[in-house]
Amino acid sequence: MNNQKPKSPRRGEPRRSANKAHSAESPSSATASAVPCPEENVPDITPRMRAIAAQDGPILITGETGTGKSVLARHLRSLSKRKDKPLIVRGCGEFDVGTVEAQLFGHSRDAYTGASTEQDGVFQQANGGTLVLDDVDYLPKPMQTRLLRFLDDGTFHRLGESDRPRRANVRLIVTSNKDLQALSATGQFLPDLFFRLSHWRIMLSPLRSQPEAVRTLANRLLARFDQANGEPPRTFSQDALDLLACMAWPGNVRELKATVENIALEVMGTRRTVIGLDGAAAILLDPHSGRQIGGLPLLPDLSEDERMFRLLVVTGWNISLSASLLGVSRNTIYDRVRTRGWRRPA
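The residue numbers shown here count from 1 along each chain, following its written sequence. Per-residue local features of the predicted model are confined to residues with pLDDT of at least 70, and side-chain atom pairs are confined, for both listing and counting, to 80 or more; whole-chain, interface and lining totals are unaffected and use all residues. Where side-chain values are given, they derive from all heavy atoms of the structure, hydrogens and water being excluded.

For the chain, the helix and strand inventory stands at 14 helices and 10 strands. The burial tally for the chain puts 50% of its 346 residues in the buried class. Throughout, a contact is declared for two residues whenever any of their heavy atoms are within 4.5 Å. The contacts in the chain between residues at least 6 apart in sequence include a share of 71% that link residues at least 24 apart. Methods summary: accessible areas were calculated by the Shrake-Rupley approach with a probe of 1.4 Å, and residue burial reflects only the protein chains presented. Working note: accessible area of the chain is about 16700 Å², and carbon and sulfur atoms make up 49% of it. A helix here means a DSSP run of H or I that spans at least four residues, while a strand means a run of E at least two residues long, and both kinds are numbered starting from the N terminus. Partly exposed describes any residue whose relative accessible area lies between the buried limit of under 20% and the exposed limit of over 50%, with all areas from a 1.4 Å probe on protein chains only and scaled to the type maximum.

See below:
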């Protein structure tokens, strides 16, 4: 029987995951955390990203859902020389399949049934400014080809005007939560388009690889919620922050924001200036929240023993709370502590 205690990391800090997002080897790439700046709900802006914003080539922003890709795209535009020019933001998953070409590039009158007037597409609408296309992986293959052609020479054709090329001066920023390089390798995304869009590439790291970022962001989001609701300023206790830092946060900043606001609402009116572990747990353990508390909401690369020991440390050796978080009985934890020879850290 293994009587060795799992190696204890700094209190509440998850192990670094092997699949953490890193920047590509290309010098045109940059990596950012998912922590918003103090003033705005945008990821931290690095000097490299500011330099990219000042350029004029296409930008590809990738990262998991909720890491702030679209918000970062808007912020990069605000740092660019086109900041006072038009900004058009569209999600590629929102385009109607039957009229996606017309929505992108526009159409002439009578180009298709129901087209009673001519209409500019988003490229023409953004002329002189910036066009942000979220979830670019949703674009159908024919539209990927059209987009590649536009990036090559800046021209396009309206639907119904195949003999009349038009031109638009647009800074293109695209986002995706998919691995476009892998999709291009399987033929689901045009390889040439991937390389063209990757002229400047930014990858946003998930929150699970940034435990300290979770602590910083949680208090920041709490302060914003209190200010917006006229509440006295509050903070999370260190134990509550450590518990939040242990979560995997598959929804990243978006999920953390919703959780923090639910916790804040739960204790609103109690005159607390510090939200402790009990306040955080009340929401994290809510069976109606949709969270898979019994499914071990900690980093997936931890062993069962590591999860259990870490939770005991984070919760101050609170057997009941740790059992609730792990979805096991208190006796299970007592038995594991005894058989593994674990001792509460001094």
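Where charged atoms from two side chains of opposite charge approach closely, those side chains can pair. For salt bridges, the criterion is a side-chain nitrogen of Lys or Arg within 4 Å of an Asp or Glu carboxyl oxygen. Counted according to the given criterion, the structure contains 16 salt bridges. For Arg166, the salt bridge identified is with Glu161, shortest N-O distance 3.0 Å. Residue Glu161 is classed as buried on the basis of its relative accessible area, which comes to 9%. Among the ionic contacts, a cluster of salt bridges with common partners joins Glu304, Asp305, Arg336 and Arg340.

Another point: the pairing of strand E4 (residues 130–134). Here is the key point about a regular strand: its side chains alternate between the two faces of the sheet. Most of E4 is tucked away, with five of its five residues classed as buried. Here strand E3 (residues 87–91) pairs with E4 via five bridges, running parallel. Within the sheet, the bridge partner assigned to Ile88 lies in E4 and is Leu131. Bridge analysis of E4 against strand E7 (residues 171–176) gives four bridges, and the strand direction is parallel. Paired with Val132 across the two strands is Ile173, which belongs to E7. Strand pairing requires that DSSP identify at least two bridges connecting the strands.

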